[in-house]
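Remarks on the overall topology
Now for the letters of each chain:
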Amino acid sequence: MQQFIMTLIDGINLGSVYALVALGYTMVYGIAKMLNFAHGDIIMVGAYTIVVFITRLSISVPLAMILCVAFCALLGFVVEKLAYKPLRHATPLSVLITAIGVSYLLQNLALLIFGTNRQFIVRFIDVGNFNLFGVSVSGISVIIWVTTIVIMIGLYTFIKKTKLGRAMLAVSEDKGAAQLMGINVNRTISITFVIGSALAGVASILYSAKYLNVDPYTGSLFGIKAFAAAVFGGIGSIPGAMIGGLLIGLIEALTASYLPFNLNAASDGFAFVILIIMLVLKPTGLLGKKNTEKV
Amino acid sequence: MAMLTINDLHVYYGVIQAIKGISFEVNEGEVIALIGANGAGKTTILHTITGLIAARSGSIIFQGQKLTKTPAHRIVKMGIAHVPEGRRIFSHLTVYENLQLGAYTRGDKAEIEASLETVYRRFPRLKERKNQVAGTLSGGEQQMLAIGRALMSRPKLILMDEPSMGLSPILVSEIFDIIKSISEGGTTVLLVEQNAKKALTIADRAYVLETGKIVLSGNAQDLINDESVKKAYLGE
Ligand SMILES: Nc1ncnc2c1ncn2[C@@H]1O[C@H](COP(=O)(O)OP(=O)(O)OP(=O)(O)O)[C@@H](O)[C@H]1O
Ligand SMILES: [Mg+2]
């Protein structure tokens, strides 16, 4: 029982971070209609900024965390401006290939600067344990959950209630009609990238605080699983990204600890098997919308 | 001087020329009808005015300002609203959210609220359904929403692309009454219609378009009685 609850907690931790990254995928897909395959690598960049700011430059932790998010947001802005914006009217395939290129570029830059060795990160968020129904839960887990929930609600409120959020929804449905409302579509897409990248920055802080290491490929597998989470939940749907992230995290944690020894190494792949089954049963994902436009 | 002046406009889709040197004008307070068969280029002209398509050459001047170089999202603010072909409401958003988006370029909350009330007074049906998701409205209600959304920007000139398309005869009459009352409220109207007869009855002047060129123009009353128009567009 004890072990089962620990596994669930692990799964929720992992799943929360997946959810934050999946949010970025889903927002950018929903609004710009593109798969930003470089999105996962922003996690890796964020984790390296933590290494640099905290370990190497000894900047105070709160400031380092703010700088990390700001750096990720800036990176999203620059990547969008240099790599994706010039392709606004190109075919989706060119954009996809460019995104894969950007992903490799970021990984190789990290290799060049930091080498292939795994960098260890000091325990920069250190809080005591909590007692939850007789199970001791690490403070960092609680921080991960609270942050994820707050961000999820904040983002949902932002999109539903603010003018800019509404503009994003309009752009996501019909760019031409959005322009007729006076919405600057290009700027709205850029802002979406910045928000998505900032969320990846937050995810990178949580990831670093929990797993305490990073290498140039950290973002790649992580990004693919977060992408699977976004598709699982229904790409374009914000609650879908949340649920998809949690499910993928839980499946991964459960298979890793309960599958027989010779199979548990495959826990990485198991999430994808579930994804494929899901897509066969419901191609739009769990909460994906069908198009309901009337003509 | 005219409110909107279009001079020797040429528009292409790739190598296909859709508009072949068109000139016309719209004066303040007028209702102008643009009629023509399928594929004549009516929608293309409206899209070029509001910047969704770029012109190859020629000029569009609105109240002394050149539109051909203005990005689409700035044109609403200058006072032109567009009720697009096929309505293009935001079907996942509610009626209220659609109307708010119509006022996107406006700042003053109190005045936006006042415009909202005006639109609700004109379309009581929209008020009843303000929290309904727009995609679930009936065709006629969607058309009213598209018109209401355009009015939310408080336009000086409103462009309407086949507002009566796909509606029952009763609703068609209702929509034309609405267009008339929008015009009486002081908004200039440029109306594209397949329903030439109805359009000519409410228009002051009209232009007849054939494969990218204006072939006939004049007072709407004269055109209704014109033999060639009767034959080609009024089905008489
Ligand atoms: N996106 C496009 N790509 C290529 N050709 C186009 C495109 N849109 C319109 N055309 C062509 O331009 C011409 C004019 O089209 P337009 O839509 O302006 O006609 P219309 O008068 O509005 O017709 P309808 O009454 O059927 O709406 C047509 O020959 C059409 O095939
Ligand atoms: Mg048309």
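Since the model is a prediction, treat every value here as computed from it, not as a measurement. (Residues numbered from 1 in each chain as written. Chains lettered and ligands numbered in written order. Predicted model: local features only at pLDDT ≥ 70, side-chain atom pairs only at ≥ 80, totals over all residues. Heavy atoms only, no water.)

Quick word on the site of ligand 1
Residue and element names in this part refer to chain B. Just so we agree on the cut-off: Near, as used in this document, describes a residue that has one of its heavy atoms within 4 Å of the molecule or strand being considered. Any N or O atom pair separated by 3.5 Å or less is treated as a polar contact, with the protein-specific requirement of one donor-capable and one acceptor-capable atom, and with residues adjacent in sequence counted only for side-chain atom pairs. Accessibility throughout is a Shrake-Rupley quantity obtained with a 1.4 Å probe, and a residue counts as covered only by protein chains that appear here. The helix and strand labels rest on DSSP assignments: H or I over at least four residues marks a helix, E over at least two residues marks a strand, and numbering proceeds from the N terminus. Gly is placed with the polar residues, together with every amino acid not listed as nonpolar (Ala, Val, Leu, Ile, Met, Phe, Trp, Tyr, Cys and Pro) or charged (Asp, Glu, Lys and Arg).
Around ligand 1, a shell composed of 13 residues is seen, among which Lys42, Thr43, Thr44, Glu85 and Gln194 lie nearest. Asparagine 38 is positioned such that a nitrogen or oxygen atom in its side chain is 2.8 Å from an oxygen atom of ligand 1. The fraction of the free accessible surface of ligand 1 (630 Å²) that becomes covered by protein chains is 61%. In terms of residues, the shell around ligand 1 owes the most to one element, helix 1 (residues 42–49), which gives three residues. Here the shell around ligand 1 is built from residues that sort into four nonpolar, six polar and three charged.

Here we look at the sheet that holds strand 9 (residues 205–210) of chain B
Residues and elements named next belong to chain B. Going by this rule: For two strands to pair, DSSP has to find at least two bridges joining them. Throughout, an axis means a line fitted to C-alpha atoms (over the contacting stretch in the case of helices), and angles, computed between N-to-C directions, take values from 0 to 180 degrees. Contacts between residues were defined by any pair of non-hydrogen atoms, one from each residue, lying within 4.5 Å.
Sheet architecture is open: six strands sit in the order 6-7-8-3-9-10, paired in mixed fashion. The open sheet is flanked by strand 6 (80–83) and strand 10 (213–219), the only strands paired with a single partner. Across the sheet, the mean angle from the axis of one strand to that of its neighbour is 15 degrees, orientation sign disregarded. One ladder, built from five bridges, connects strand 3 (residues 31–36) with strand 8 (residues 188–193); its direction is parallel. Within strand 8, the residue paired with alanine 33 across the bridge is leucine 191. Most of the contacts of helix 1 go to strand 7 (residues 157–161), to which it runs at about 145 degrees, and overall it touches strand 3, strand 6, strand 7, strand 8 and strand 9. Strands in contact with helix 7 (residues 169–184) are strand 3, strand 7 and strand 8; relative to strand 8, the strand with the most contacts, it is inclined by about 155 degrees.

Things to note about the environment of B:Gly41
Residue and element names in this part refer to chain B. As a reminder, the rule being used: Accessibility here uses a 1.4 Å probe with only protein chains present; expressed as a share of the type maximum, an area under 20% marks a residue as buried, one over 50% as exposed, and anything in between as partly exposed.
Along the chain, the position of glycine 41 falls in the loop between strand 3 and helix 1. A relative accessible area of 7% places glycine 41 in the buried class. When the C-alpha atoms of glycine 41 and threonine 211 are compared, they prove to be 6.5 Å apart, with 170 residues separating the residues in sequence.

Re the packing of helix 2 (residues 39–56) of chain A against helix 3 (residues 61–84) of chain A
Residue and element names in this part refer to chain A. Quick note on the threshold: Two helices crossing with the near one rotated counterclockwise from the far one by less than a right angle form a left-handed crossing, whereas a clockwise rotation gives a right-handed crossing.
At a minimum axis separation of 9 Å, helix 2 and helix 3 run at an interaxial angle of 145 degrees. Taken as a pair, helix 2 and helix 3 cross one another with a handedness that is right-handed. Here Ile42, Val45, Gly46, Thr49, Ile50, Phe53 and Ile54 of helix 2 come into contact with helix 3, specifically with Val61, Ala64, Leu67, Cys68, Phe71, Cys72, Leu75 and Gly76. By residue class, the composition of the contact of helix 2 with helix 3 is 12 nonpolar, three polar and no charged.

Details of unusual backbone geometry
We note that A:Leu212 has phi near 60 degrees; this positive angle belongs to a residue other than glycine. By secondary structure assignment, the location of A:Leu212 is in the loop between helix 8 (185–211) and strand 4 (213–214). A positive phi is found at B:Arg87, a non-glycine position, where the angle reads about 70 degrees. By the secondary structure assignment, B:Arg87 is in the loop between strand 6 and helix 3 (95–102). Judged by relative accessible area, B:Arg87 falls into the buried class, the value being 8%.

Examining the packing of helix 5 (residues 139–161) of chain A against helix 10 (residues 238–258) of chain A
Helix packing geometry: the angle between the two helix axes and the distance between the axes. All names here are of chain A. Rule in force here: Here the angle decides the label: under 35 degrees means roughly parallel, over 145 means roughly antiparallel, 65 to 115 means roughly perpendicular, and every other value means oblique.
Orientation of helix 5 relative to helix 10, taken along the N-to-C sense of each, is 165 degrees, at an axis distance of 10 Å. On the basis of the axis angle, helix 5 is roughly antiparallel to helix 10. Considering how the two elements wind past one another, helix 5 and helix 10 form a crossing that is right-handed. Two secondary-structure elements touch here, helix 5 through Thr148, Met152, Leu155, Tyr156 and Ile159 and helix 10 through Ile238, Pro239 and Met242. Per-class residue counts for the contact of helix 5 with helix 10 are seven nonpolar, one polar and no charged.

A word on the coordination of the magnesium ion (ligand 2)
All names here are of chain B. Basically, it comes down to this: Listed donor atoms are N, O and S within 2.8 Å of the metal (Na, K and Ca: 3.2 Å). As water is not included, a site may look incomplete.
Those protein atoms acting as donors to the magnesium ion (ligand 2) are Thr43 (OG1) and Glu85 (OE), and they sit at 1.9 to 2.3 Å. Taken together, the positions of threonine 43 in helix 1 and glutamate 85 in the loop between strand 6 and helix 3 put the pair 42 residues apart, joining distant regions of the chain. The exposure class assigned to threonine 43 is buried, which follows from its relative accessible area of 17%. Taking the relative accessible area as the measure of exposure, glutamate 85 reaches 32% and is therefore partly exposed.

What to know about the interface of chain A and chain B
Applicable threshold: A simple way to read buried area is as the amount of 1.4 Å-probe accessible surface that goes missing from two parts once joined, with both sides added. The salt bridge criterion pairs a side-chain nitrogen of Lys or Arg with a carboxyl oxygen of Asp or Glu, the two atoms within 4 Å.
If you look at the interface, chain A gives 25 residues, while chain B gives 29 residues. Where chain A abuts chain B, roughly 2400 Å² becomes buried across the two surfaces, and 58% of that area is made up of carbon and sulfur atoms. If you look at where chain A meets chain B, you find two salt bridges. Across the salt bridge formed by A:Asp174 and B:Arg88, the nearest N and O atoms sit 2.8 Å from each other. Between chain A and chain B we count six residue pairs in polar contact (both at pLDDT 80 or more) in total. Those elements giving two or more residues to the side of chain A that touches chain B turn out to be helix 6 (163–173) and helix 7 (175–180) of chain A. With six residues, helix 6 of chain A is the single largest residue contributor to the side of chain A that touches chain B.

Some details on the pairing of strand 10 of chain B
Residue and element names in this part refer to chain B. Two strands pair when backbone bridges link them, and strand 9 and strand 10 are joined in this way by six bridges, in the antiparallel orientation. Bridge pairing in strand 10 places leucine 209 opposite isoleucine 214. In sequence, strand 9 turns back onto strand 10 through a hairpin of two residues, with threonine 211 there showing a positive phi of about 35 degrees.

Re the side chain of B:Lys42
Residue and element names in this part refer to chain B. Structurally, the position occupied by lysine 42 is in helix 1. A distance of 3.0 Å separates a polar side-chain atom of lysine 42 from the backbone oxygen of glycine 36. The contacts of lysine 42, once residues within four sequence positions are left out, are Leu34, Ile35, Gly36, Ala37, Glu162, Val192, Gln194 and Leu209.

Remarks on the packing of aromatic side chains
Condition: Each pair of aromatic rings taken from Phe, Tyr and Trp, with Trp reduced to its six-membered ring, is defined by centres within 6.5 Å and is described as stacked if the planes are under 30 degrees apart, edge-to-face if over 60, and tilted in the remaining cases. Here, a charge over a ring is recorded when the distance from Lys NZ or Arg CZ to the ring centre is within 6 Å and its angle to the ring normal is within 35 degrees.
The full count for this structure, using the stated rule, is nine aromatic pairs over all chains. Each residue in the set A:Tyr18, A:Tyr207, A:Tyr211 and A:Phe222 is aromatic and connected to the rest through ring pairs, giving one cluster. Here A:Lys163 stacks its cationic end above the ring of B:Tyr104, 5.3 Å away from the centre of that ring. Cation over ring: B:Arg56 sits above B:Tyr12, and NZ or CZ is 3.9 Å from the ring centre.

Quick notes on the environment of A:Thr116
Residues and elements named next belong to chain A. Mapped onto the secondary structure, threonine 116 falls in the loop between helix 4 (92–114) and strand 1 (119–120). In this structure the C-alpha to C-alpha distance between threonine 116 and aspartate 215, which are 99 residues apart in sequence, comes to 6.8 Å. Excluding residues that lie within four positions of it along the chain, threonine 116 makes contacts with Leu111, Asp215 and Pro216.

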